[in-house]
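# Close look at the chain arrangement
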Amino acid sequence: MPYKAGERLPAERASRLGHLDVLKSGLVKTYRESFEDASPTTISFACSWEQSPTMGVPLPLVFGIDGSLQIIESETPPYSAHAFVKTALLRIDQYALASIDKDSPHPLALRDILADSALYHATVFPLRHVVRQGMSLYDAVRQRIFDSVVEDSSSPLHREVMETLKWIAYEKWDGKQKQLPLFECPHCEKTIATLPYDAEEGNCPGCKGKLFLTDMLGFHQEMAPDSAPETVATAYMSIHETLLLFTGVRYFWERKKEVLSNCLFVKDGPLSIRAQYSKLVNPIRRFLAFSRHQGYPVHLIGQEKTGAFADHLQLIGNNAPLQSLFIPGNQYIKEQIQHRPNRGAPYGKDTNYGAKVFVRISHYHQMVLNVPTGEYVENPTLSNLIGAERILATLPTVLSSRFEGALLPIELAHSVASLSTYPSAQILKIFAEAKGQKNE
Ligand SMILES: [Zn+2]
């Protein structure tokens, strides 16, 4: 179907012949006579926009988290495929923010910020037609995911991300030695697998097969013995972004809790973890509720730039008052955004650790944010959102002028995490093909 004209680009041209055939059809003709597109102003939404609070103090330390992923396939038989994943965590303080020209940031100023305060993780794992001596691809990917979370000993992240996974999985913040929930064993496929408290590796209590803590997340549940789908790489990237984010949180929690509550963590994408990987969601919610209760609220947002919520904001945002926000509840999300009946489990109950918030700041800046509430809330209000006042006070200081609704911490983290710029896709390809020939 040809694209219609947008605000910036002309319409795509369709072939004249195809055009005639379709218009001749009687069904198409009667359809065109009886239906027309609803204009945005004729769609009514019961949005309850409210004034953004104005009393908060901006947060002095801001972190951006982003990731990127590239699948590289060799062009010659056996057409092996590898997934390259990169994630990055970047720190910027208000001093650095103030020194950046937000309309046209100086490349050298940006380079200095990135060089001094960025941490990144890069890894690669096989997806298909790659063999490793004595190991199925299924086991090779499991081993590779475990090794990647442990990280190479030359990296500043060595063991840090693994410590964070253990911190979340065993809920180590409150000193109660919590057991892992039972998970599906990658060998006997029974949901009896577990590990002793604080362990990273062990054996299945039933079949005695080797277990990694990373198996708890369930990557193997979407893999075949000799291949892994690309969704495994997407899930790995998303999990690693989350672990990197919480590595920052854990660092301050264990050392300087008062600094933690002066940080804003800004993640690209929603605060959610899908399907079997969502085992981390409840522990994360419990930590965020616990830290708030202890008087050390964690300020954390995810920004959704694409998808149903971002599309919906395009419909409702322009009619919203400036400096206002709207927190949709369960019924509104299901009926107005997902266009489905309000039945079944409440929206996001198993997978999300942040509530959706539409925010309109100015004529140029409106965005979809996710803000945690701690324990799940079906119809959240402003007072449920952790640290909302300070988060909303910080947003104007981190807006980018280069794109509508863009946040500088995400833009900068993206420039570190972007695989298309560093290293180049061509280099990755040469690397993947060399590995393929050697039968890694
Ligand atoms: Zn087993």
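A short tour of the structure in this document, coming up. Here the structure is a predicted model, which is why all the values come from computation and not from measurement.

## Comments concerning the nonpolar core
Ranked by internal contacts, the top residues of the largest apolar core, which has 69 residues, are Phe-246 and Tyr-353. Looking at which element gives the most residues to this core, the answer is helix H7 (residues 230-255), with 13 residues.

## Things to note about the coordination of the zinc ion
The coordination sphere of the zinc ion contains the protein donors Cys-185 (SG), Cys-188 (SG), Cys-204 (SG) and Cys-207 (SG), at a distance range of 2.3 Å. One can describe the donor arrangement at the zinc ion as tetrahedral, given that its four donor atoms subtend angles of 105 to 118° at the metal. Site description for the zinc ion: donor spacing in sequence, C-x2-C-x15-C-x2-C. Of this pair, Cys-185 sits in the loop between helix H6 (160-169) and strand E5 (201-203) while Cys-204 sits in the loop between E5 and strand E6 (210-212), and the two are 19 residues apart along the sequence. Each member of the pair Cys-185 and Cys-204 is classed as buried.

## Brief notes about the layout of surface pockets
Estimates place the volume of the second largest pocket at around 470 Å³. If you go around the second largest pocket, you meet 20 residues; those closest to its centre are Ser-238, Glu-241, Lys-267, Gly-269 and Pro-270. Counting only elements with at least two residues in the lining of the second largest pocket, the list comes to strand E2 (61-73), H7, strand E7 (263-268) and strand E8 (299-304). The element contributing the most residues to the lining of the second largest pocket is H7, with six residues. Looking at the lining of the second largest pocket, its residues break down into six nonpolar, seven polar and seven charged.

## A short note on the packing of aromatic side chains
Summed over the entire model, instances satisfying the criterion amount to 20 aromatic pairs. Ring-pair connections join several aromatic residues into one group, and the members of that group are Trp-49, Phe-309, Phe-326, Tyr-332, Tyr-347 and Phe-358. Above the face of the Tyr-120 ring, Lys-86 is positioned so that its terminal group lies 4.6 Å from the ring centre. Stacked on the ring of Trp-253, the Lys or Arg Lys-257 has its end atom at 4.6 Å from the ring centre.

## A short note on the environment of Val-62
Assignment of secondary structure puts Val-62 in strand E2. Put simply, Val-62 and Pro-409 are 347 residues apart on the chain and 7.2 Å apart in space, counted from C-alpha to C-alpha. Non-local contacts of Val-62, meaning those with residues more than four positions away in its chain, are made with Leu-90, Arg-91, Ile-92, Gln-94, Leu-97, Leu-264, Val-266, Thr-394, Val-398 and Pro-409.

## Re empty space enclosed by the protein
Applying the stated criterion across every chain yields a total of four cavities of 30 Å³ or more. Taken as a whole, the largest cavity spans an internal volume of roughly 180 Å³. Every residue lining the largest cavity is counted, 18 residues in all, and those nearest its centre are Tyr-347, Gly-354, Ala-355, Tyr-376 and Val-377. Secondary structure elements with two or more residues in the lining of the largest cavity: helix H11 (330-337) and strand E10 (355-360). Class assignment of the residues belonging to the lining of the largest cavity gives a composition of eight nonpolar, seven polar and three charged. The volume enclosed by the second largest cavity comes to roughly 50 Å³.

## What to know about the side chain of Thr-123
Within the secondary structure, Thr-123 sits in strand E4 (residues 118-128). At 2.7 Å, the side chain of Thr-123 and the side chain of Ser-148 are in polar contact. Apart from the residues lying within four places of it in its own chain, the contact partners of Thr-123 are Ala-83, Phe-84, Val-85, Arg-144, Ser-148 and Tyr-236.

## Observations regarding the pattern of salt bridges
If you walk through the whole model with that rule in mind, you get 18 salt bridges. For Arg-274, the salt bridge identified is with Glu-222, shortest N-O distance 3.2 Å. Here Glu-222 lies in the loop between E6 and H7 and Arg-274 lies in the loop between E7 and helix H9 (281-293), a separation of 52 residues in the sequence. Overall, Glu-222 belongs to the partly exposed group, its relative accessible area being 22%. Between Arg-250 and Glu-254 there is a salt bridge; the shortest N-O distance is 3.1 Å.

## A look at the sheet that holds E2
The sheet built from nine strands is open, its strands ordered E1-E9-E10-E11-E8-E7-E2-E3-E4 with mixed pairing. Both edges of this open sheet fall to strand E1 (50-51) and E4, since each of them pairs with a single strand only. Pairing of strand E3 (residues 81-93) with E4, which is carried by ten bridges, proceeds in the antiparallel orientation. Bridging across to E4, Ala-81 finds its partner in Arg-128. Relative to the sheet, H7 contacts E2, E3, E4, E7 and E8, its axis offset from that of E2 by approximately 160°. Of the strands in this sheet, E8, strand E9 (324-326), E10 and strand E11 (366-371) touch helix H10 (residues 308-316), which is tilted by about 135° from E11.

Conventions and cut-offs
- Residues numbered from 1 in each chain as written.
- Predicted model: local features only at pLDDT ≥ 70, side-chain atom pairs only at ≥ 80, totals over all residues.
- Heavy atoms only, no water.
- Core = buried A, V, L, I, M, F, W, Y, C linked by side-chain atoms within 4.5 Å.
- Buried < 20%, exposed > 50% of the residue type's maximum accessible area, 1.4 Å probe, protein only.
- Helix = DSSP H or I, 4+ residues; strand = E, 2+ residues; numbered from the N terminus.
- Donors = N, O, S within 2.8 Å, 3.2 Å for Na, K, Ca; no water.
- Tetrahedral: all angles 85-135°; square planar, octahedral: opposite > 155°, others 65-115°.
- 1 Å grid on protein atoms, 1.4 Å probe; cavity = no way out; pocket = protein on both sides within 12 Å on 5 of 7 lines; lining within 4 Å.
- Points joined across faces, edges and corners; volume = space filled by probe spheres on them.
- Nonpolar A, V, L, I, M, F, W, Y, C, P; charged D, E, K, R; others polar.
- Phe/Tyr/Trp six-rings, centres within 6.5 Å; stacked < 30°, edge-to-face > 60°.
- Lys NZ or Arg CZ within 6 Å of the ring centre and 35° of its normal.
- Contact = heavy atoms within 4.5 Å.
- Polar contact = N/O pair within 3.5 Å; in protein donor to acceptor, adjacent residues only side chain to side chain.
- Salt bridge = Lys/Arg side-chain N within 4 Å of Asp/Glu carboxyl O.
- Pairing = 2+ DSSP bridges.
- Axes fitted to C-alpha atoms, helices over the stretch in contact; angles between N-to-C directions.

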